[in-house]
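Listed here are the chains, written in short residue letters.
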Amino acid sequence: MGEQHLKETGRNSFWGDFLYDQVVPQDHFLRHLERVIDWKVFGEQLLALYAGQGEFGRPPYPPETLLKMLLLAYLYNLSERQVEVYVQENLPARWFVGLAANERAPDHSTLSAFKARIVTRGQEACLQELLAEIIRQAQARGVRFGTIQIVDSTHVVANVNVVKEEARVAAGQPPRDGGARWGVKGKRVVRDAQGARVVREEYFYGYKVHASLNAAAEMITSVVVTPGNAPDNEQFAELVARDRAQGLAVETYAADRGYDDTENHYLLESLGLHSAIRLKRTRTEKRDRNKAVWVALQATPQYQAGQQERYKIERKYGEAKEYHGLRRCRYVGWLGCTLQAYLTAIVLNLKRLVRLLTGVPFRGCAPVVA
């Protein structure tokens, strides 16, 4: 590989370090975030997505600069246009991204082109590697990853008008979002016309984000994104495979009843792992001798311990939806939702990593940006 020619961002100029040292507190969350991660590693990974890998043509911004800017958008739940304004006006954000105080921030079109480069050239494999690198660096810095993994899914509503989408399809036109599907969001108790209480299913149009979270570290290790109608139990094996590819020392997998599939229990047994997948009542309350094996599983200490940890992934999804925009797709299409899911997981992991290594919580709130 020849010499790379990247744009000089100029933070090390007089207008960079001197001013920042005066106004950006040393205990600011973004200072800690800069310190706990080796960002150059991400720059090297992402440069492979550039034509010529930065060796010729107009010098691009360092990839880690744009990655940081994109992560700020997810951290503060901002659009690409909003994060351009935010970085332009906010000194701690400018310092974190790596800009001199008198230097213009990359514009939203530059950020959109960077994002498109990831999804079109790198696709999911690139995002998997970014997430895995966070986990590797966390382990290298001494974060303890325990033996229990928790698997669960959450729904993300598609970035389309459903009425217009259905009208478009009825008219013989292709849907705006060809990957989204109708899925079951959950059940709720309502009263019918006669006042009787009935249980009804609630539906959504969009995607599902399936994730595996380490219970001890409370960090997301693997992600799978599917259309909204994909069964949860069918994604379990892929999440386990992605965890194992990272060499995680897992002994038990916990999940809710949606993953209670005989094949999933058998998969864990064949791998020498314990199952803490919540069992359906039909397994433990049926009147035949075959229920004995399930009753015995339910009584194991691994099952009990795994079930006690499941709340952690539900809490993590709540955080993602409440503060980082995972209720609704930012973009259109499966790849767009996949990008959003991974970057949200990375932001959640970065917040957790800073908290574990420094004790400093993220107290940021969504800034007011025009």
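About the criteria used
Residues numbered from 1 in each chain as written. Predicted model: local features only at pLDDT ≥ 70, side-chain atom pairs only at ≥ 80, totals over all residues. Heavy atoms only, no water. Helix = DSSP H or I, 4+ residues; strand = E, 2+ residues; numbered from the N terminus. Rg over C-alpha atoms; globule rule 2.2 N^0.38 Å. Buried < 20%, exposed > 50% of the residue type's maximum accessible area, 1.4 Å probe, protein only. Contact = heavy atoms within 4.5 Å. Areas by Shrake-Rupley, 256 points an atom, 1.4 Å probe, with all protein chains shown as cover. Lys, Arg positive; Asp, Glu negative; His and termini not counted. Charge placed at Lys NZ, Arg CZ, Asp CG, Glu CD. Right-handed = clockwise from strand over helix to strand, strands pointing away. Axes fitted to C-alpha atoms, helices over the stretch in contact; angles between N-to-C directions. Parallel < 35°, antiparallel > 145°, perpendicular 65-115°, else oblique. Left-handed = near helix turned anticlockwise from the far one by under 90°. Nonpolar A, V, L, I, M, F, W, Y, C, P; charged D, E, K, R; others polar. Salt bridge = Lys/Arg side-chain N within 4 Å of Asp/Glu carboxyl O. Pairing = 2+ DSSP bridges. Phe/Tyr/Trp six-rings, centres within 6.5 Å; stacked < 30°, edge-to-face > 60°. Lys NZ or Arg CZ within 6 Å of the ring centre and 35° of its normal.

1. Looking at the overall build of the protein
Link 1 in the chain: When helices and strands are tallied, the protein shows 15 helices and six strands.
Link 2 in the chain: Relative to the compact-globule value of 21 Å for 370 residues, the protein shows a C-alpha radius of gyration of 23 Å, a close match.
Link 3 in the chain: Counting only C-alpha atoms, the protein reaches 80 × 55 × 45 Å along its principal axes.
Link 4 in the chain: Taking all 370 residues of the protein together, 49% fall into the buried category.
Link 5 in the chain: Taking as baseline every contact in the protein between residues at least 6 positions apart, the subset at least 24 positions apart corresponds to 68%.
Link 6 in the chain: In the form shown here, the protein has an accessible surface area of approximately 18100 Å², with 49% of it arising from carbon and sulfur atoms.
Link 7 in the chain: Side-chain charges of the protein comprise 50 positive and 42 negative groups, with the mean position of each set lying 6 Å from the other.

2. Here's the deal with the pairing of strand 5 (residues 252-255)
Link 1 in the chain: Side chains T252 and A254 of strand 5 all project onto a buried face; the interleaved residues Y253 and A255 project onto the opposite face, where all are buried too.
Link 2 in the chain: Following the chain from strand 5 across helix 10 (residues 262-270) to the adjacent parallel strand 6 (residues 274-277), one finds a crossover that is right-handed.

3. So, unusual backbone geometry
Link 1 in the chain: One non-glycine residue, N77, lies in positive phi territory at about 55°.
Link 2 in the chain: By secondary structure assignment, the location of N77 is in the loop between helix 4 (63-75) and helix 5 (80-89).
Link 3 in the chain: The residue E218 is not glycine, and still its phi comes out positive at about 55°.
Link 4 in the chain: As for its position among the elements, E218 is in the loop between strand 3 (197-214) and strand 4 (219-227).

4. Remarks on the packing of helix 5 against helix 7 (residues 108-140)
Link 1 in the chain: The N-to-C vectors of helix 5 and helix 7 enclose an angle of 125°; their axes lie 8 Å apart at closest approach. In terms of axis orientation, helix 5 runs oblique to helix 7. The two elements helix 5 and helix 7 cross, and the hand of that crossing is right-handed. Contacts between helix 5 and helix 7 involve E80, R81, V83 and E84 from the first element and H108, L111, S112 and K115 from the second.
Link 2 in the chain: Tallied by class, the residues present in the contact of helix 5 with helix 7 amount to two nonpolar, two polar and four charged.

5. What about the pattern of salt bridges?
Side chains that differ in sign of charge can pair as their charged atoms come close.
Link 1 in the chain: In total, this model carries 16 salt bridges according to the counting rule given.
Link 2 in the chain: Of the charged contacts, one joins E238 and R242 as a salt bridge, the two residues approaching to 2.7 Å between their closest N and O atoms. You can see E238 and its partner R242 sitting in helix 9 (residues 236-245), four residues apart, about one turn around the helix.
Link 3 in the chain: Through salt bridges with shared partners, a single ionic network connects E124, E238 and R242.

6. Regarding the environment of K164
Link 1 in the chain: Its place among the elements puts K164 in helix 8 (residues 162-170).
Link 2 in the chain: Classification of K164 by relative accessible area gives exposed; the value is 54%.
Link 3 in the chain: For the pair formed by K164 and E322, sequence separation is 158 residues and the distance between their alpha carbons is 27 Å.

7. Things to note about the pairing of strand 1 (residues 148-157)
Link 1 in the chain: Of all the ten residues making up strand 1, eight are buried; the element is thus mostly covered by neighbouring parts of the structure.
Link 2 in the chain: Inspection of the sheet shows strand 1 paired to strand 5 by three bridges, in the parallel sense. The residue bridging I150 from the neighbouring strand is A254, located in strand 5.
Link 3 in the chain: Of the pairings in the sheet, the one linking strand 1 to strand 3 comprises nine bridges and is antiparallel in character. In the strand pairing of strand 3, S153 is matched with H210.

8. Regarding the packing of aromatic side chains
Link 1 in the chain: For the coordinates displayed, the defined rule picks out eight aromatic pairs.
Link 2 in the chain: Ring geometry for W39 and F42: centres 5.8 Å apart, planes at 45°, overall tilted. Residue W39 and its partner F42 are located together in helix 3 (residues 39-47), separated by three residues, close to a single helical turn.
Link 3 in the chain: What makes W39 buried here is its relative accessible area of 5%.
Link 4 in the chain: According to the relative accessible area criterion, F42 is buried, its value standing at 2%.
Link 5 in the chain: Look at W182 and Y205: their rings are 5.3 Å apart centre to centre, the planes differ by 55°, and that puts the pair in the tilted class. Here W182 is found in strand 2 (residues 181-191), whereas its partner Y205 is found in strand 3, with 23 residues between them in sequence.
Link 6 in the chain: The partly exposed category is assigned to W182, whose relative accessible area is 42%.
Link 7 in the chain: The class of Y205 is buried, set by a relative accessible area of 12%.
Link 8 in the chain: The structure contains a cluster of three or more aromatic residues connected by ring pairs, namely F29, Y76, Y86 and F362.
Link 9 in the chain: The ring of Y74 is capped by R330, whose NZ or CZ atom sits 4.0 Å from the centre of that ring.

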